[in-house]
Amino acid sequence: MKEGTGMYACRCTQCCTTSPTVVTRHGLNEERTKRRNFFHGGHVADGEQVMEPDKFNVFDVPRERWVVGTLMIVVILTGVLSRLL
């Protein structure tokens, strides 16, 4: 799942449905339970897949954010050092 949203979804290959995306695993479990009860009478369908967000990759951060973050760190360190000296 490459959306960059950090959301979870559940896909069922038996009934060809995908749950709405949710932010937490708890929300995903609620969506799975609703779908299982509605489409499968509470049973777990074969081929049920949980789609999780991709792991964080530092190389996906845009260069502009690195520049701004570095400048902020420099300003903070300069302020701290000027107070101490």
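Given the structure is predicted, the values throughout are model-derived calculations rather than measurements. (Residues numbered from 1 in each chain as written. Predicted model: local features only at pLDDT ≥ 70, side-chain atom pairs only at ≥ 80, totals over all residues. Heavy atoms only, no water.)

Turning our attention to the pairing of strand β1 (residues 9-12). In the sheet, β1 pairs with strand β3 (residues 48-51) via four bridges, with the strands oriented antiparallel. Each bridged residue has a counterpart across the sheet, and for Cys-12 the counterpart in β3 is Glu-48. Taken together, the two bridges between β1 and strand β2 (residues 17-18) define a ladder with antiparallel strand orientation. Residue Cys-12 lies in a different strand from β2, and its bridge partner there is Thr-17. Between β1 and β2, which pair antiparallel in sequence order, lie four residues; one of them, Cys-16, sits at a positive phi of approximately 55°. (Pairing = 2+ DSSP bridges. Helix = DSSP H or I, 4+ residues; strand = E, 2+ residues; numbered from the N terminus.)

With that settled, the discussion passes to the packing of aromatic side chains. Scanning the model with the defined rule gives one aromatic pair in all. Aromatic pair Phe-38 and Phe-39: ring centres 4.9 Å apart, planes at 90°, arrangement edge-to-face. Residue class for Phe-38 comes out exposed when judged on its relative accessible area of 68%. Taking relative accessible area as the criterion, Phe-39 reaches 43% and is therefore assigned partly exposed. (Phe/Tyr/Trp six-rings, centres within 6.5 Å; stacked < 30°, edge-to-face > 60°. Buried < 20%, exposed > 50% of the residue type's maximum accessible area, 1.4 Å probe, protein only.)

Take the sheet that holds β3 next. Spatial ordering of the open sheet is given by β2-β1-β3, a layout of three strands whose pairing is antiparallel. The sheet is open, and its two edges are formed by β2 and β3, each paired on a single side.

So, about helix α2 (residues 63-84). Counted at 1.5 Å a residue, the expected span for α2 with its 22 residues is 32 Å, and the 32 Å between its end C-alpha atoms agrees. Burial analysis of α2 places just zero of its 22 residues in the buried class, which makes it a mostly uncovered element. (Expected span 1.5 Å × (residues − 1).)

In this model helix α1 (residues 25-40) runs 21 Å from its N-terminal to its C-terminal C-alpha over 16 residues, within 8% of the 22 Å that 1.5 Å per residue would give. Residues of α1 that are buried: Gly-27, Leu-28, Glu-31, Arg-32, Arg-35, Arg-36 and His-40. Where α1 is buried, its residues touch β1, β2 and β3. Backbone geometry just downstream of α1 places Gly-41 in the positive-phi region, at approximately 60°. (Contact = heavy atoms within 4.5 Å.)

Before going further, it helps to spend a moment on unusual backbone geometry. Positioned with a positive phi, Cys-16 is a non-glycine residue whose angle comes to about 55°. Structurally, the position occupied by Cys-16 is in the loop between β1 and β2.

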